[in-house]
Each structure stands twice: as structure tokens, then as C-alpha cells.
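This is what each chain is made of:
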Amino acid sequence: MAELINVLEIMREIRAEIARRRGADEEQILEYARLKLRAWSSAPPLRAWPAPQRSGADWNVSEETLWRSTRGGLGNLLMWVRRLTRPLVKLFANLEALVHRQRAINAEQDQRLTRLEELASNLAVELARLQLELQARAREEK
Amino acid sequence: MRLGFVVQRYGLEIGGGAELHCRWVAEHLAKYHRVEVLTTCAYDYITWANHYPPGPTQVGGVPVRRFRTWLQRHPVRFGRLSQRLFEDGGDRGLELRWLRSEGPFAPGLTRYLKRHRSDYDAVILFSYRYYTTYHALHACPERALLVPTAEPDPVVRLGIFREAFHRPRAIAYNSVEERELIQAESGNHEVAGEVVGVGTELPQQTDAQRFRQRYELLDPFLLYVGRIDQNKGCATLFEYFLRYREGSRRPLKLALIGKAVMALPRHPDILPLGFLGEQDKFDALAACELLVMPSPLESLSMVTLEAWALGKPALVNADCPVLKGQSIRSNAGLFYRNYDEFAACCDRLLTQPDLSRTLGQNGRRYFHDHYRWEVIEAKYERLLQAVQSGAA
């Protein structure tokens, strides 16, 4: 039986069956969904997750951000002084706790935004699918 | 042969990814060759902070030499550099700065390799995108066997890497799709290469019944194994599964094995089981109806190969070229692009036991032909011969 099975053939059958029922194939549905999203200038691409720029840990602030410097040689000196005075600063104000909280909030918001983008994409595709199906049925009824 | 391995991190505690891939290959090739792993003292792959002591040690019976990292990754600077490079583009200088910023910055490793290159007949380098790999490749190109573990992301298009893919004597690709990607970006057709991948350790036996009883999973279930993460396509999987459940009267669960890094829907049919040991994982694979793999980005899904090894069909995301390609080549999995296809594939796999069984048998054969350790070891031997004959 193994030789009789061809997953490409099975997928072709499945897709043809769906296209018959829906009145449109996947490419037509995606094209229609893209048209719907064109008014949204920063629309996420359809089915292209994850969002690579924000995902991962590198984009967020961290406790180290407070003490770091990006000014080359002078920056190293500055960082050394900051490291020396760090315990003293922490005695008067716990800035690291604030950064820690902000980091968690950023991460949570990022997750929500990514999920919303994914949902918006899925909804646009779903809406396009339903509209095309309705049009197909209306044509059949005529 | 005397083999050197270069990898960004190495340790028994490091599970998954190129690091585990490297450890398994090193442990298997150590049966036939004298092996030494050159790596950093880092455990954390984001900061690369030194964790292990530097110098020679042994991990799982394999000699390992660790080198200090001299810079921790600066998240803000690295983020800024990445944005500048990938959005505005940059020259070779900027690409090299980005690579140094990504890390792990362990120049001692490169210096050591330059000085001791003649101690090795071949050096196997894992993950093209790291500082250690790139500079190790430049330190001994005539002995290098590269295992790129590349994914279709913008990094593979950087000029420094397009040029670097021409340097090794041979390349061990994870999949046909990875080879096509790298050859299309770099045009390195002249470099000897083979699709190898990695084997897996299968248990002597599995006990589906024990798993069902232990986790009170008496209904048929789909299984997902891996990090439970939006970036792995899990949010869409939950959406599709719950929608499928609403339209079906047949009892069906979705069991999840792995650490959750996203909020999970509270639903009686979605069962997060947490991180399980290897035996439990294989028992779960033996007990499930099918493995579902919704990730859009995979360079090689080891768990999919494990499901096939146990004769289970897979249902995978068609947007992932590697998973789709493997499903087609093995004739052991179906693939979906949207809910309609997900539902239709589930219907067929759950209601046509002959189809499901045959796909599983095809998977078992595919694993046996391509991913048994004997096969993987033989492929490495061929590539090592190519390196040695080129280096001579």
C-alpha cells in the first residue's frame, strides 16, 4: 500500500475539494485578503510570523542598560565609574527594579502585539474566504 | 583521524539546537576518531556570560577545551546594529561589527585554532552565524567541514557569510531546502556537500498504555512537542484545534509537551503536560494519533523524525519549506496552509486508519534509510574523507 500513497496527490485532492466548496483556491483568497489589508500601511504580512525584529531578548531594555555606555574608550571609563558607584546609587534608589518591571511590561506588550497581528492576518484571510464563498453561492443561485 | 569540533556552547545541560546536534555528532564520531571540542565558557546564549571554567575538561567522555568570552552581548547596541544592517544595509565593516556584537566574542579560541591547526586532520564547525564559527573557518579553511544550520532569515544574505560558504572543504547540510537556500544565496556549488541531518537515540521500547494511564489521556489525541511559543506557530494551532473541536463530536485532545512561553487557552481538550523526560516523550509519541508541527521556521525538526521513527504520521505547517519538503520526500506527513486544510487533514488522518498507518510506515522507512546513526556516521565519514583529500 505504501507505493499507492502520494501525499502530494492527497493534498491536491483536499485542496480541490476545498476550492470547490469555497468557490476559490488559496491563492485567490490570499490575494483578496491582501487587497483588504492594503489600506493599512503597516499591515503585517499574511502568514509570516514570527515578527523577527522584536522577537527574542535583544530588543528589550535590561538592568545592564542603566550602567552601560556606547562611547568607546571614554565609555569604558564611564562604565567603570558607574560600576564603582552602583552600590551607592542602589542604596538611594532601586532603579534596577524599575527597569526589571519595564522589561516585563515590554515583553508582555510585544507578545500581545504579535498575537494581534497574527489574529488580524487570520481574520482578514477568513473574511476573504467567507466573502468569496458567499459570492460563489450567489452565482450558483442565479 | 584527529577531529576538532567548534561550537558556540557545549554542555550536558544545553538541550536542543545546534549545540545538542554538535554534542551527539561528537560523541558518535568519538567511537572512531580522536575528538576534541573547542568552545566557550558560555551557557547563556543571549549574553554569552562566562559560566564554565576555562581550559580543558571532559563532557560525556569527550575532551572539551573552553575559552573565555571577552564581551557580553550588549542588547541595545546589538539591536541598534541589527536594525541598521538589516533595514538600511551596510558594508563588510559593518557586517563584521555586527558579528562581533552578536558574539560569542572568544578570540582565544581562534588564536588557539590558528596555532594548533596541524593538530587536527579536520575541524567540524557548527552554526555559520556565530563569531566563533566564522573566525574558526577563516583560521583553517583547508580542514573545515561546516554544518551551517541555516534558516531562511536575512543573516544568510550578509556578504561575509555568502563569501564564507565558499571557504570550507565540505558542508553537511541539515536538509535539501537548506542546501538550496545556501547555494542560491552564495553560489557555492563547487564546495563538496551532502544532506546529512542528525540521528536520534530511540528507546528500546515504548509503552503507549503506560503514558495514557499516567496522564489520564484515554481519548485519542494530537501531540505537539517543543517550546510552546507563538513563534513556533502555537497560537494558530490552538485556534485551529479549538475550531476543529467545535465542529466535531468525536472526542479528541491536544497534548502539549514542552515549556510554555506564551499564555495557553484554558480548555479541557488542551492539555499542557510540561517538560517530560525522553522515555515519556517517546511513550507519548507511541500513544498519539499524529504529531502536529505548526512551526513556520525549522531547519530540521528532530521530533518529526522521531515520530516517523515510531511509525506515526505528521501534520505540519506548509509554510515551513523544510517540514513540507520532508513530508513530501518521506510520503509520511500531510501539510496545511489554513484552517480548511488543517481540518480536512485531521479528518482524513483520524478517520482513515489505513492512510494513517501507511503514512507511519513510510515515515519509519524514511527514518531508517536516512537518519539512523549508522547512516549519519557513514555520511560524516564520506565528508571527512573529502576534507582530508582536499587538505592533503
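Computed from a predicted structure; not experimentally measured.

Colleague: Which parts of the structure should I look at to understand the overall build of chain A?
Modeller: For chain A, the count of helices and strands is four helices and zero strands. Counting from the amino terminus, chain A carries its helices and strands in the arrangement α-α-α-α. Looking at the 142 residues of chain A, the share that counts as buried comes to 11%. Across chain A, the fraction of contacts at a sequence separation of at least 24, relative to all contacts at a separation of at least 6, is 75%.

Colleague: Quick question: what am I supposed to make of the overall build of chain B here?
Modeller: Secondary structure summary: chain B contains 15 helices and 14 strands in total. In summary, chain B has a C-alpha radius of gyration of 22 Å against a globular reference of 21 Å for 392 residues, a match within 12%. Considered along the principal axes of its C-alpha atoms, chain B spans approximately 65 × 45 × 40 Å. Considering chain B as a whole, with its 392 residues, one finds that 49% of them fall into the buried category. Here the analysis covers contacts within chain B between residues at least 6 apart in sequence; of these, 66% occur between residues at least 24 apart.

Colleague: Hey, could you run me through the interface of chain A and chain B in this one?
Modeller: Quoted interface sizes are often the accessible area lost when the parts come together. Counting residues at the interface gives 32 residues for chain A, matched by 33 residues for chain B. Every element with two or more residues in the side of chain A that touches chain B is listed here: helix H1 (7-22) and helix H4 (95-141) of chain A. Considering each element in turn, the side of chain A that touches chain B owes the most residues, eight residues, to H1(A). Of the residues assigned to the side of chain A that touches chain B, the class counts are 15 nonpolar, nine polar and eight charged.

Colleague: Before we go on, may I ask you to explain the pairing of strand S7 (residues 170-173) of chain B in this structure?
Modeller: In the case of a regular strand, side chains alternate between the two sheet surfaces. Residue and element names in this part refer to chain B. The side-chain alternation of S7 yields two buried faces, one formed by Ala170 and Ala172 and the other by Ile171 and Tyr173. For strand S6 (residues 144-147) and S7, the ladder comprises two bridges, and the chain directions are parallel. The residue of S7 that forms the bridge with Leu146 is Ile171. As judged from the four bridges shared by S7 and strand S8 (residues 192-195), these two strands associate in the parallel manner. Of the residues in S8, the one forming a bridge with Tyr173 is Val195. Each parallel crossover has a hand, and the one from S7 via helix H7 (residues 176-186) to S8 is right-handed.

Colleague: Explain the sheet that holds S8(B) here, please?
Modeller: Strand-to-strand pairing in sheets goes through backbone hydrogen bonds, with the strands running parallel or antiparallel. Residues and elements named next belong to chain B. Strand order in this open sheet of eight strands is S3-S4-S2-S1-S5-S6-S7-S8, and the pairing throughout is mixed. Looking at the sheet topology across the chains shown, the edges are occupied by strand S3 (55-59) and S8. Each neighbouring strand pair of the sheet contributes to a mean axis angle of 25°, computed without reference to strand direction. The strands touched by helix H4 (residues 107-116) are strand S2 (34-40) and strand S4 (62-67); relative to S2, the strand with the most contacts, the crossing angle is about 150°.

Colleague: Would you mind showing me how to read the nonpolar core here?
Modeller: Looking at soluble globular proteins, one finds that nonpolar side chains tend to be buried together. Within the largest apolar cluster, 123 residues are counted, with the highest numbers of intra-cluster contacts made by B:Phe5, B:Leu125, B:Leu145, B:Leu223, B:Cys288 and B:Leu291. Of the residues forming this core, the biggest block, seven residues, is contributed by helix H9 (residues 234-246) of chain B. Contacts of B:Leu291, omitting those with residues within four sequence positions, involve B:Leu223, B:Leu285, B:Val303, B:Thr304, B:Ala307, B:Lys312 and B:Ala314. Formed by six residues, the second largest nonpolar core is a distinct cluster that contains A:Ile29, A:Ala124, A:Val125 and A:Ala128.

Colleague: Honestly, the domain arrangement of chain B in this entry has me stumped. Any pointers?
Modeller: Residues and elements named next belong to chain B. Structurally, chain B comprises domain 1 (2-199 + 372-391) and domain 2 (208-370). Across the boundary between the two partners, domain 1 contributes twelve residues, which contact ten residues of domain 2. In terms of residue count, the dominant contributor to the side of domain 1 that touches domain 2 is H7 (three residues). Here the side of domain 1 that touches domain 2 is built from residues that sort into four nonpolar, four polar and four charged.

Colleague: Explain the packing of H1(A) against helix H13 (residues 339-351) of chain B here, please?
Modeller: Packed helix pairs are specified by the crossing angle of their axes together with the interaxial distance, meaning the distance between the axes. Between H1(A) and H13(B), whose axes approach to 10 Å, the crossing angle comes to 125°. In terms of their interaxial angle, H1(A) and H13(B) are classed as oblique. For the crossing formed where H1(A) meets H13(B), the hand is right-handed. Contact with H1(A), carried on its side by A:Ile14, A:Arg15, A:Glu17 and A:Ile18, involves B:Asp340, B:Glu341, B:Ala344 and B:Cys345 of H13(B) and no other residues of that element. Looking at the contact of H1(A) with H13(B) residue by residue, the classes come out as four nonpolar, no polar and four charged.

Colleague: Can you help me understand the environment of A:Ala107 in this one?
Modeller: Of note, A:Ala107 is situated in helix H4. Considered as a pair, A:Ala107 and A:Val61 are 46 residues apart in the sequence and their alpha carbons are 9.7 Å apart.

Colleague: Would you mind showing me how to read the environment of B:Ile160 here?
Modeller: All names here are of chain B. Within the element layout of this structure, Ile160 appears in helix H6 (residues 159-164). Judged by C-beta crowding, with 16 C-beta atoms within 10 Å, Ile160 ranks as partly exposed. Separated by 68 residues in the primary sequence, Ile160 and Arg92 place their C-alpha atoms 6.6 Å from one another. When residues no more than four places from it in sequence are discounted, the contact partners of Ile160 are Arg92, Glu95, Leu96, Leu99 and Tyr134.

Colleague: Hey, could you run me through the sheet that holds strand S10 (residues 253-257) of chain B in this one?
Modeller: Residue and element names in this part refer to chain B. Sheet architecture is open: six strands sit in the order S11-S10-S9-S12-S13-S14, paired in parallel fashion. Among the strands making up the open sheet, the edge pair consists of strand S11 (270-274) and strand S14 (333-336). Adjacent strand axes in the sheet meet at a mean angle of 25° when their direction is disregarded. As paired elements, strand S13 (residues 314-317) and S14 share four bridges and run parallel to each other.

Colleague: Which parts of the structure should I look at to understand unusual backbone geometry?
Modeller: Residues and elements named next belong to chain B. A cis amide bond, omega -5°, links Gly103 with the succeeding residue Pro104. You can see Pro104 is positioned in the loop between helix H3 (92-102) and H4. Even without a glycine there, the phi angle at Ser127 is positive, about 65°. Its 23 C-beta neighbours within 10 Å are what place Ser127 among the buried residues. One non-glycine residue with positive phi stands out, namely Asn331, at about 55°. Its location among the elements puts Asn331 in the loop between helix H12 (321-330) and S14. The exposure class assigned to Asn331 is buried, which follows from the 21 C-beta atoms found within 10 Å.

Colleague: So what exactly am I meant to see when it comes to the environment of B:Asn317 here?
Modeller: Residue and element names in this part refer to chain B. In this fold, Asn317 is placed in strand S13. Overall, the presence of 23 C-beta atoms within 10 Å leaves Asn317 in the buried class. If we skip the residues at most four places from it in the chain, Asn317 touches Gly233, Met293, Pro294, Ser295, Pro296, Leu323, Phe335 and Tyr336.

Here is what the cut-offs are and how they apply
- Residues numbered from 1 in each chain as written.
- Chains lettered and ligands numbered in written order.
- Predicted model: local features only at pLDDT ≥ 70, side-chain atom pairs only at ≥ 80, totals over all residues.
- Helix = DSSP H or I, 4+ residues; strand = E, 2+ residues; numbered from the N terminus.
- Buried ≥ 20, exposed ≤ 12 C-beta atoms within 10 Å, placed from the backbone.
- Contact = placed C-beta atoms within 7 Å.
- Rg over C-alpha atoms; globule rule 2.2 N^0.38 Å.
- Nonpolar A, V, L, I, M, F, W, Y, C, P; charged D, E, K, R; others polar.
- Pairing = 2+ DSSP bridges.
- Right-handed = clockwise from strand over helix to strand, strands pointing away.
- Axes fitted to C-alpha atoms, helices over the stretch in contact; angles between N-to-C directions.
- Core = buried A, V, L, I, M, F, W, Y, C linked by C-beta atoms within 7 Å.
- Domains from an automatic or database assignment.
- Parallel < 35°, antiparallel > 145°, perpendicular 65-115°, else oblique.
- Left-handed = near helix turned anticlockwise from the far one by under 90°.

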